[in-house]
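# Examination of the molecular architecture
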Amino acid sequence: MTTRLTVAQALVRFLAAQYTERDGERRRLFGAAWGIFGHGNVAGLGQALVEYADVMPYHQGRNEQSMVHAAVGYARQSNRLSTHAVTTSIGPGATNLVTGAALATVNHLPVLLLPGDVFATRPADPVLQQLEVPYAGDVSVNDALRPVSRYFDRVMRPEALIPAALQAVRVLTDPVETGAVTLALPQDVQAEAYDWPDDFFAERTWTVRRPGADPAELAGAVELLRAARRPLVVAGGGVHHSRAEEALAAFAGATGIPVASTQAGKGSLRYDHPQDVGAIGHTGTATADDLARTADLVIGVGTRWTDFTTASGTLFAHPDVRFLNLNIASFDGHKLSGTPLVADARSGLEALTEALLVHGHRVADSHVAEYGADKARWERRVDACYAAEEPDARPTQPQVLGALDALVDESDVVINAAGSLPGDLHKLWRARSRDQYHLEYGYSCMGYEIPAAIGVKLAAPERNVWALVGDGTYLMMPTEIVTAVQEGVAIKVLLLQNHGYASIGGLSEETGGERYGTAYRYRAADGTFSGEPLPVDLAANAASLGMRVLRARTVRELRAALAEARAADTPTCVYVETETADTVSGAPPAQAWWDVPVAETATRPSAVKARELYERHVSTRRRHL
């Protein structure tokens, strides 16, 4: 039996029939589709989404990149078991997807991209918005999506959709391969009819695997653990992706091994768990980084070992340090010349715990007492950063976080991605639940927060979802506020105004750049941007987009505004002006280095001094071979 439909109609019906299953939980793979329509998709996918609106909900976006961010936020909150599709026209609409696609792939989060493409039949060449490539007639701007996609196909004939769609879903549901998947759809093919086999539209359930550890690798891992005297676990995003938080807590509780966390892994243990020692790396706590420097075995669980985590290769200083990498991806399992334990994080941790319990293995009580005391000292530093002795004064950035920290409970979700906030949050935030802390730091993409908050809220409408946004990030991409208002998605935006790029301004100063081009100020007589702050009213801008805005000038007003926003059932923004971009945030300084190369030759004293310090740090780097 066959059914005659257009390619776009067939694709929408196919997507609506796909399901995932893990641990007995079955759910739709595609919860909805986002779209901005142009001539390259309005008559194809646009018409199909109208035709099948009863089985495929649609969200109207304002920016193609932000639609991907919203889909990624939804996918992360859905534990990668569900995602959204994103459709655009050809040309700029399609190329605007590239940044969002890179973010999804870097973070191993599934999203399906459906950009329109030029005519397959080439009745007129070139068509509107087509980029001609003189040496290749089969290349379009959509080929820019190839390197940032885990799977890419261009559907040049109707019947080619069947294998392409099946491969796309295979990759999206694979816990190792998942990321952005692109099906480029020529605009004439979208509207072309074909007799489709009805089996193509039958419900399919894709099992999301939990592969166990190889017995030989497991035995080797147990041997390493039993020989270690000062082991340290580094929990990455893979802990959350596999829902291994309880397994990690059981492992840490049984062995006494301390657990530090990357940006993606924070919240793997509650902040008050006895074995949780907080953030690690350049934005880490003193407790975790000191443990890292003396660890003889580092157990990475679901981490990619980025430069922020390793302090650019300077953090793990023990002369005999070894690495044990529990990771579902072999590629990551072999990093730092580590011993791989290739398995799902939950399965691997459960197997390790069971094997170690047989031997009654546990670290020395003196070690537990040592890092417990260090952790208590760090918590007192957090308290000091959060404290506001003058409630009628303008708050510092950590005091803003402290006011929010005092208000939320484990049901709230806090979202951030870029600027100075990620460092302060990583060091200071007290994660109360496995998914409260939502930091996109794999790609650290400015503009992620607001659309991602919409995606998270769509996935978990019962939760309070906060997008923490600096002024630099806000100016990159505030457009989806309109979508939140249009659809009544009651996100909370905490907008911090510090008149510039605070994080990069500080980095510029440290590396000899003298904060050049990092402040939002008038140009002065000497040609630099060192005049008065620009009179930009971001609160008025948010209000003009339809959002309710609460202005807070002091710590006291901030506390009241946050409480009012949390209780609101409409999209609400709390606007607060903090320190300017050329002053420090008030958080503890970096506890470990990060490699940003400094000019090797310069005449300005700031750069010369920065280079001397840089060379001292570089001399401590080591390659773990």
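The structure reproduced in this document is the subject of the present report. (Residues numbered from 1 in each chain as written. Predicted model: local features only at pLDDT ≥ 70, side-chain atom pairs only at ≥ 80, totals over all residues. Heavy atoms only, no water.)

Note on placement: Asp-595 falls in the loop between strand 23 (572-577) and helix 24 (605-618). The exposure class of Asp-595 is buried, given its relative accessible area of 18%. Separated by 2.9 Å, the side chains of Asp-595 and Tyr-614 make a polar contact. (Helix = DSSP H or I, 4+ residues; strand = E, 2+ residues; numbered from the N terminus. Buried < 20%, exposed > 50% of the residue type's maximum accessible area, 1.4 Å probe, protein only. Polar contact = N/O pair within 3.5 Å; in protein donor to acceptor, adjacent residues only side chain to side chain.)

Overall, parallel pairing links the 6 strands, which are arranged 19-18-20-21-23-22 in an open sheet. The strands lining the two open edges of the sheet, one partner per strand, are strand 19 (437-439) and strand 22 (548-552). The mean angle between the axes of side-by-side strands here comes to 20 degrees, regardless of whether they run parallel or antiparallel. When strand 18 (residues 413-416) meets strand 19, the two strands line up parallel, connected through 3 bridges. If you follow Ile-415 over to strand 19, its bridge partner there is His-438. Against the sheet, helix 17 (residues 421-428) touches strand 18, strand 19, strand 20 (465-470) and strand 21 (492-497), its axis set at about 150 degrees to strand 19. (Pairing = 2+ DSSP bridges. Axes fitted to C-alpha atoms, helices over the stretch in contact; angles between N-to-C directions. Contact = heavy atoms within 4.5 Å.)

What follows is about the packing of aromatic side chains. One pair of aromatic rings is described through two measures. These are the centre distance and the angle between the planes. The final tally for this structure, using the stated rule, is 12 aromatic pairs. Summarising the aromatic geometry, the rings of Tyr-194 and Trp-196 are spaced 4.9 Å apart at their centres and angled 70 degrees between planes, so their arrangement reads as edge-to-face. Centre to centre, the rings of Trp-305 and Phe-323 are 5.8 Å apart; their planes meet at 80 degrees, and the pair counts as edge-to-face. With a gap of 18 residues between them, Trp-305 in the loop between strand 15 (297-301) and helix 12 (307-310) and Phe-323 in strand 16 (residues 322-327) connect regions that are remote in the sequence. A residue is classified by how much of its surface remains accessible, and Phe-323, at 3% relative accessible area, is buried. Here a set of aromatic residues connected by ring pairs shows up, and it is made of Phe-14, Tyr-194, Trp-196, Phe-200 and Phe-201. For Arg-13, the ring lying beneath its charged end belongs to Phe-201, and the centroid distance is 4.3 Å. (Phe/Tyr/Trp six-rings, centres within 6.5 Å; stacked < 30°, edge-to-face > 60°. Lys NZ or Arg CZ within 6 Å of the ring centre and 35° of its normal.)

What the rule picks out here adds up to 36 salt bridges. A salt bridge links Asp-23 to Arg-346; the nearest nitrogen and oxygen atoms lie 3.2 Å apart. Residue Asp-23 is found in the loop between strand 2 (18-22) and strand 3 (25-28), and its partner Arg-346 is found in helix 14 (residues 345-359); the two are separated by 323 residues along the sequence. Under the relative-accessibility criterion, Arg-346 is labelled partly exposed at 23%. Within the structure, one salt-bridge network assembled from shared partners comprises Arg-243, Glu-245, Arg-434, Asp-435 and Arg-463. (Salt bridge = Lys/Arg side-chain N within 4 Å of Asp/Glu carboxyl O.)

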